[in-house]
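# Tertiary structure, described
Chain by chain, the residues run as shown.
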Amino acid sequence: MARQPSIFSLILVLLATFLISCGGPSVAVAPPTYTETQLERIQEYVPKIQAVRHRAEELKTLINKKDWIDVSNFIHGPMTEARLSMTYIIPNLLASAQPTARQKTRDLLNHLVKIDQAAGASNSLQALNSYQEVVEDIDQFFQLLPDLNTQPAV
């Protein structure tokens, strides 16, 4: 009877050794990076979005002046083009960033619609609140983009 537990222990040790030796070293996976083509495509559209972001203060001024026609023109012109450029960038982002980027473009559209509705109702308070959210949406989208100056070519 005394020999049974020691034989059982020996079998367990041999089994554990066998399983560990069969495991092998794990292969390190490189973190996902952008290809040169992806970076070029992103870089093609970023300046268009940046230009609209720099002009965003114009929209605030138009809202404060209650110039609703020009507010609508700005939303349907430059802001919509910026959103379109954002949409073109999304497929070139890393897979992990794409869902968030899609959500940011949807949020941007929803906030632009709210500004347009506020302009139709001459509600400058709602328009200013939505304007602030538009600016935040664009800024958050920029945070998802790769740093185009330091990204290594693959």
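The present account deals with the structure reproduced in this document. In this text the structure is predicted, and so the values were computed from the model without any measurement. (Residues numbered from 1 in each chain as written. Predicted model: local features only at pLDDT ≥ 70, side-chain atom pairs only at ≥ 80, totals over all residues. Heavy atoms only, no water.)

So, about a nonpolar patch on the surface. On the surface, Phe 8, Leu 12, Leu 15, Phe 18 and Leu 19 cluster together into a nonpolar patch covering about 540 Å² of accessible area. In this structure, Phe 8 sits in helix 1 (residues 3-23). Under the relative-accessibility criterion, Phe 8 is labelled exposed at 54%. (Patch = residues over 30% accessible without salt bridge, like charges linked within 9 Å, V, L, I, M, F, W, Y side chains within 5 Å. Areas by Shrake-Rupley, 256 points an atom, 1.4 Å probe, with all protein chains shown as cover. Salt bridge = Lys/Arg side-chain N within 4 Å of Asp/Glu carboxyl O. Helix = DSSP H or I, 4+ residues; strand = E, 2+ residues; numbered from the N terminus. Buried < 20%, exposed > 50% of the residue type's maximum accessible area, 1.4 Å probe, protein only.)

On to the pattern of salt bridges. Taken as a whole, this structure holds 3 salt bridges when the rule is applied. Measuring nitrogen to oxygen at the nearest pair gives 2.9 Å for the salt bridge that ties Arg 55 to Glu 58. When the shortest N-O distance is used, the salt bridge between Asp 107 and Lys 104 registers 3.4 Å. One end of the pair is Asp 107 and the other is Lys 104, both in helix 5 (residues 98-120) and 3 residues apart, which spans about a single turn. For Asp 107, a relative accessible area of 17% gives the class buried.

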